[in-house]
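Below are the chains, spelled out letter by letter.
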Amino acid sequence: MAKHRAVVVGAGSISNAWFPPLAAEKVDVAAVVDLDLHAARRQIARYALDCPASTDLAATLRKARPDFVVDLTVPEAHCAVTCRALRAGCHVIGEKPMASSMAEARRMVRAAEKAGRMYMVSQSRRWDPVHEAARRALAGGRVGPVTTVNCDFYIGAHFGGFRDEMPSPLILDMAIHHFDLARFLTGADPLAVYAREFNPRGSWYRGDAAASCIFEMTGGVVFTYRGSWCAEGCPTSWNGDWRFVGTRGTLICEQDRPPRGQVVSGRGGFSRKLRPIEPPPARLKHAGMHGALRAMLAFLRAGRTPQTQCRDNIKSLAMVFAVIDSSRRRRRVPVRA
């Protein structure tokens with residue numbers, strides 16, 4: 001099987017999660033592009049790549065003619081990098097979030113459609129054994145049709161740097177993972193949200209580091225999200241702690257342990273008799289960014305559309321900006337992708 005060629009754009013710390021799977025899948029990295037030429041050269045040396053470093057994306061794409069581009073830049077650069085790569089005839093896999101605004105995200109979707117190229121977003125938490133097991137259990141009707149979804153996320157995160165200064169650090173930088181997981185795990189899409197962002201007393205963030213959100217989803221599902229990045233003690237998983245309530249029972253995912261649940265097994269009485277359920281085992285062989293990369297390669301090799309292709313993943317990003325809008329306006333707002 002012929003190797004696929006890629007240009008990696010962005011040589012920051014996140015690239016350390018991408019170069020190993022690129023090597024494992026025998027992708028030919030044709031160049032590494034970064035505004036900091038030293039950073040690009042450092043990563044080339046670190047991973048023993050036989051390719052040039054560059055600060056000029058357009059020239060690199062013309063010369064390298066890659067099959068796809070891996071966009072690992074900051075969110076504010078995603079639109080420019082992705083649209084340039086698409087216009088050059090390349091497919092693109094990019095880091096989350098898709099863009100720094102809905103206007104940019106819509107521009108990127110239009111660019112992919114106009115170019116006839118694939119643009120997919122790496123929502124790495126979709127490729128996780130626990131989440132895959134939960135998704136299969138829910139899709140298989142183990143607890144009946146899902147009616148209610150709760151996600152709690154509480155971490156005392158002392159990053160320092162730019163996150164401490166962001167206006168909405170939790171929602172803009174982290175909640176995209178949980179919002180996208182809600183869609184992935186239930187198969188439901190967002191319709192509207194009522195949300196309140198706030199900055200608790202004692203917070204070390206300048207902006208709102210906590211939020212409570214109530215989403216109305218398709219199929220009558222209600223998704224409630226409670227989160228904080230300045231909650232000291234008793235932390236949840238970084239993936240969040242989840243409860244899925246169906247018409248026949250409940251499934252729980254906590255602390256990254258395999259999902260567990262109970263369903264009704266008898267009739268009568270104030271509380272129905274319950275029995276435990278064993279979710280199906282996960283079938284994932286490759287997790288995180290490696291799983292996302294294999295989804296792009298499956299598209300290149302067999303034409304299989306990735307689950308996080310841009311026309312779908314923009315719905316997860318829309319949830320982020322709808323929360324910010326709802327909190328600012330202090331009312332329920334529609335989620336418009």
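Residues numbered from 1 in each chain as written. Predicted model: local features only at pLDDT ≥ 70, side-chain atom pairs only at ≥ 80, totals over all residues. Heavy atoms only, no water.

### With respect to the nonpolar core
Our working definition: We define the nonpolar core as a collection of buried residues of types Ala, Val, Leu, Ile, Met, Phe, Trp, Tyr and Cys that are connected through side-chain atoms lying within 4.5 Å of one another. Only protein chains enter the calculation, and the probe is 1.4 Å; a residue is then buried if its accessible area is under 20% of its type maximum, exposed if over 50%, and partly exposed in between. Labels follow the DSSP assignment, with helices taken as runs of H or I lasting at least four residues and strands as runs of E lasting at least two, numbered in each case from the N terminus. Pairs of residues are marked as contacts when any of their non-hydrogen atoms sit within 4.5 Å.
Grouped together as the largest cluster of nonpolar side chains are 77 residues, with contacts concentrated most on Phe-179, Phe-215, Phe-223 and Trp-242. If one sorts the elements of this core by residue count, helix H10 (residues 310-329) sits on top with eight residues. For Phe-215, the contacting residues outside a window of four places in its chain are Phe-179, Ala-192, Val-193, Val-221, Val-222, Phe-223, Met-319, Val-323 and Val-335.

### A word on the sheet that holds strand S10 (residues 222-228)
Put simply, the rule reads: Two strands make a pair as long as DSSP finds a minimum of two bridges between them. In this description, a line fitted to the C-alpha atoms serves as the axis of each element, helices being fitted only across the stretch in contact, and the angle between N-to-C directions of two axes falls anywhere from 0 to 180 degrees.
With respect to topology, nine strands assemble into an open sheet ordered S14-S13-S12-S11-S7-S10-S9-S8-S15, the strand pairing being mixed. In this open sheet, the two edge strands, each paired with only one partner strand, are strand S14 (274-277) and strand S15 (333-334). Set on the sheet, helix H6 (residues 129-139) makes contact with strand S7 (146-154), strand S11 (241-246) and strand S12 (249-253); between it and S12 the angle comes to about 170 degrees. In this fold H10 packs onto strand S8 (190-198), strand S9 (210-217), S10 and S15, with an angle of close to 50 degrees to the strand it touches most, S8.

### Here's the deal with the pattern of salt bridges
So the rule is basically this: One speaks of a salt bridge when a side-chain nitrogen belonging to Lys or Arg is within 4 Å of a carboxyl oxygen belonging to Asp or Glu.
Inspection of every chain in the model, using the stated rule, returns 16 salt bridges. Note that Asp-325 and Arg-328 form a salt bridge whose closest N and O atoms lie 2.7 Å from each other. Here the residue Asp-325 and the residue Arg-328 both occupy positions in helix H10, the gap between them amounting to three residues, near one helical turn. Here Arg-328 falls in the exposed class, since its relative accessible area comes to 62%.

### What to know about the environment of Ala-188
Among the secondary structure elements, Ala-188 is positioned in the loop between helix H8 (175-186) and S8. Considered as a pair, Ala-188 and Thr-218 are 30 residues apart in the sequence and their alpha carbons are 5.3 Å apart. Among residues more than four places away in sequence, those in contact with Ala-188 are Arg-183, Met-217, Thr-218 and Val-221.

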